[in-house]
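# Chain and residue survey
Spelled out from the first residue to the last, the chains are:
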Amino acid sequence: MSPLHFSFYSAFTFSSLGLAFHRTHLISALLCLESMMLSMFIPLSIWPVENQTPSFALVPILMLAFSACEAGTGLAMLVASARTHGSDHLHNLNLLQC
Amino acid sequence: MNPHAKLICTVSLIMGTSITISSNHWILAWTGLEINTLAIIPLISKSHHPRAIEATIKYFLTQSTASALILFSSMTNAWSTGQWDITQLNHPTSCLMLTMAIAIKLGLVPFHFWFPEVLQGSSLITALLLSTLMKLPPITLLLLTSQSLNTTLLTLLAISSTLIGGWMGLNQTQTRKILAFSSISHLGWMIMIISYNPQLTILTFILYTIMTSTVFLSLAQIKVLKLSTLLISWTKTPMLNATVMLTLLSLAGLPPLTGFMPKWLIIQELTKQEMTPMATIITMLSLLSLFFYLRLAYHSTITLPPNSSNHMKLWRTNKTLNTPTAILTALSTTLLPLSPLIITML
């Protein structure tokens, strides 16, 4: 495994572990999601260079556009949870538990 | 909700689903999943109630994590094998990650905690969309990759889904939560057969969609959200309550009704593959869900409330039954005699 592969695999792994185990604020969950997407941007943009497939060069931009949409939706829900629950603490979201 | 916004959301929901189920490239499938997730979010949160917002946040976090995991697994596979085709997922680690991501997306058992809560926070029609239309793209991805996935892991997921779906539904009094747990246990039956006979998974999914749409649409028509409302709803539309009882028994899989067909075929296929212990276990576990279906059926028709003086009497209004409910009720109760035809068509 080259250092490049190791760097983005470990970036993805650590940010998904952060999303799974650090559950205090909604904003930190959204940041972890965004860093998962950004760590996938690196290999997707190296792929057309290493494999000489210029038709694949659009894909990282497509992925970045969708991750921007996701981040925008996440921030909209941050505002919505601040208006309905008073804060962005994830332990406040307990109205629907079994 | 603004009609234009509703139109845009519905159109993108249909478009995202059709992009995913007709794609051959992982990037396109991921795009369809993302469009689907982003389109259902306004439909869940449209009431601006704190419960709706909470359901939206939970749905968004789980679905976007699962989408990122799907893209990551396909990218790992592409870097090691050079293939972006959905059907050529060969790397074992990415198969494992894909199984996990799809289990998160569908709400299979180790990752099922979001599903009843999201259903409880949304309206009945949105809950119907969440448990039928939003399950179609992940099931399709699972079908396309089914020959390379780990059979033992899938069987384990299936058995535990049927167990937990039946078990946790026993204690509920809210109809949406009961239907969510019934969805989890039906998904267990679908995942059980997927590596032996993928056609049966499609058949089970279609029949489950028909039956659960009938239940959700009927409950939406008599506005029933919990069991005590179901108990006094017989004054509104008595015929609809009788057909709800039949549909619930069909969902439980009792023999003369449609819901028996997929269970029958799955048990037959498992016996052919010499997996009789698994077939016995999964059949016994579906008895658990039979218990809460029977309780719903009992509350809908068979019994009267013991406290008749306290409840506000509901007027019997002359509502016309809408046609989709009637057609879906007929399909979800009387399709069993047509099973040879359906098997041939698959």
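Everything numeric here is computed off the predicted structure, so don't read it as measured data. (Residues numbered from 1 in each chain as written. Chains lettered and ligands numbered in written order. Predicted model: local features only at pLDDT ≥ 70, side-chain atom pairs only at ≥ 80, totals over all residues. Heavy atoms only, no water.)

Quick look at the overall build of chain B now. Helix and strand content of chain B: 16 helices and zero strands. The globule rule puts the C-alpha radius of gyration for 346 residues at 20 Å, and the 20 Å found for chain B is close to it. Its C-alpha atoms give chain B principal-axis dimensions of about 70 × 50 × 35 Å. Counting every position in chain B, which comprises 346 residues, the buried fraction comes to 59%. Contacts in chain B between residues at least 24 apart in sequence constitute 77% of all its contacts with a sequence separation of at least 6. Summing over all exposed atoms, chain B offers an accessible surface of approximately 13,900 Å²; the carbon and sulfur share of this is 70%. Side-chain charges of chain B comprise 17 positive and 6 negative groups, with the mean position of each set lying 23 Å from the other. (Helix = DSSP H or I, 4+ residues; strand = E, 2+ residues; numbered from the N terminus. Rg over C-alpha atoms; globule rule 2.2 N^0.38 Å. Buried < 20%, exposed > 50% of the residue type's maximum accessible area, 1.4 Å probe, protein only. Contact = heavy atoms within 4.5 Å. Areas by Shrake-Rupley, 256 points an atom, 1.4 Å probe, with all protein chains shown as cover. Lys, Arg positive; Asp, Glu negative; His and termini not counted. Charge placed at Lys NZ, Arg CZ, Asp CG, Glu CD.)

Taken together, Phe 14, Leu 17 and Phe 21 of chain A make up a surface patch of nonpolar side chains, about 380 Å² in accessible area. With respect to the helices, strands and loops of the structure, Leu 17 of chain A is situated in helix 1 (residues 3–21). (Patch = residues over 30% accessible without salt bridge, like charges linked within 9 Å, V, L, I, M, F, W, Y side chains within 5 Å. Salt bridge = Lys/Arg side-chain N within 4 Å of Asp/Glu carboxyl O.)

With that out of the way, let us pick up the packing of helix 1 (residues 3–21) of chain B against helix 7 (residues 136–144) of chain B. Residues and elements named next belong to chain B. At a minimum axis separation of 9 Å, helix 1 and helix 7 run at an interaxial angle of 0°. As summarised for this structure, helix 1 and helix 7 are arranged roughly parallel, according to the angle between their axes. In contact with Thr 17, Thr 20 and Ile 21 of helix 1, helix 7 contributes Leu 136, Pro 137, Thr 140 and Leu 141. Here the contact of helix 1 with helix 7 is composed, by residue class, of four nonpolar, three polar and no charged. (Axes fitted to C-alpha atoms, helices over the stretch in contact; angles between N-to-C directions. Parallel < 35°, antiparallel > 145°, perpendicular 65-115°, else oblique. Nonpolar A, V, L, I, M, F, W, Y, C, P; charged D, E, K, R; others polar.)

A few words now on the interface of chain A and chain B. Opposite the 37 residues of chain A that make contact, chain B presents 37 residues. For the chain A and chain B pair, buried surface summed over both sides reaches about 3,400 Å², with 83% attributable to carbon and sulfur atoms. Looking at the side of chain A facing chain B, the largest losses of area belong to Trp 47, Phe 66 and Leu 96 of chain A, adding up to 22% of the total buried there. At the junction of chain A and chain B, the tally comes to zero salt bridges. For the pair chain A and chain B, the number of links is five residue pairs in polar contact (both at pLDDT 80 or more). Contributions of two or more residues to the side of chain A that touches chain B are made by helix 1, helix 2 (26–51) and helix 3 (59–85) of chain A. Considering each element in turn, the side of chain A that touches chain B owes the most residues, 13 residues, to helix 3 of chain A. Residue classes in the side of chain A that touches chain B are distributed as 27 nonpolar, eight polar and two charged. (Buried area = accessible area lost by both parts, 1.4 Å probe. Polar contact = N/O pair within 3.5 Å; in protein donor to acceptor, adjacent residues only side chain to side chain.)

Residue and element names in this part refer to chain A. Per the UniProt annotation, the sites labelled "transmembrane region" are residues 1–21, 26–46 and 56–76. Helix makes up 90% of residues 1–21 and strand 0%, whereas the separation of the span's terminal C-alpha atoms amounts to 27 Å. Span residues 56–76 is 86% helix and 0% strand, its end C-alpha atoms 31 Å apart. (UniProt positions renumbered as here; feature names shortened; annotations may be inferred.)

All names here are of chain B. Interaxial distance between helix 4 (residues 92–106) and helix 7 falls to 9 Å at its minimum, and their mutual angle equals 155°. Between helix 4 and helix 7, the crossing angle belongs to the class labelled roughly antiparallel. Crossing geometry of helix 4 relative to helix 7 is assigned as left-handed. Contacts between helix 4 and helix 7 involve Ile 102, Lys 105 and Leu 106 from the former and Pro 138, Ile 139, Leu 141 and Leu 142 from the latter. The residue inventory of the contact of helix 4 with helix 7, partitioned by class, reads six nonpolar, no polar and one charged. (Left-handed = near helix turned anticlockwise from the far one by under 90°.)

Moving on, we get to the environment of Leu 290 of chain B. All names here are of chain B. For Leu 290, the position within the fold is in helix 14 (residues 276–302). Accessibility expressed as a relative area gives 18% for Leu 290, which makes it buried. Along the sequence, Leu 290 and Ser 182 sit 108 residues apart, while their C-alpha atoms lie 9.5 Å from each other.

This paragraph deals with the nonpolar core. Core analysis: the largest hydrophobic core is formed by 133 residues, its most contacted members being Met 40 and Leu 44 of chain A together with Tyr 59 and Trp 84 of chain B. Ranked by the residues each element gives to this core, the list is headed by helix 3 (residues 50–81) of chain B, at 15 residues. Counting only domains with at least three residues in this core, you end up with domain 1 (1–147) and domain 2 (150–305 + 321–346) of chain B. Excluding residues within four positions of it along the chain, Met 40 of chain A makes contact with Phe 12 and Met 63 of chain A together with Ala 68, Leu 71, Phe 72 and Met 75 of chain B. (Core = buried A, V, L, I, M, F, W, Y, C linked by side-chain atoms within 4.5 Å. Domains from an automatic or database assignment.)

This brings us to the pattern of salt bridges. All names here are of chain B. Per the stated rule, a full pass over the model turns up two salt bridges over all chains. A salt bridge links Lys 58 to Glu 54, with the shortest nitrogen-to-oxygen separation between them at 2.8 Å. Here Glu 54 and Lys 58 lie together in helix 3, a separation of four residues that amounts to about one turn. Ionic pairing is found between Glu 117 and Lys 58, a salt bridge with its closest N-O pair at 2.6 Å. In this pair, Glu 117 is assigned in helix 5 (residues 114–121) and Lys 58 in helix 3, connecting sequence segments 59 residues apart. We note that Glu 117, like Lys 58, is buried. Within the structure, one salt-bridge network assembled from shared partners comprises Glu 54, Lys 58 and Glu 117.

Our next topic: the side chain of Glu 54 of chain B. Of the residues examined, Glu 54 of chain B reaches a relative accessible area of 0% and is grouped as buried. Within the structure, the side chain of Glu 54 of chain B is placed 3.1 Å from the backbone nitrogen of Leu 95 of chain A, a separation counted as a polar contact. One polar contact links the side chain of Glu 54 of chain B to the main-chain amide nitrogen of Leu 96 of chain A, over a distance of 3.5 Å. Once you skip the residues sitting within four places of it in the chain, Glu 54 of chain B turns out to touch His 85, Leu 93, Asn 94, Leu 95 and Leu 96 of chain A.

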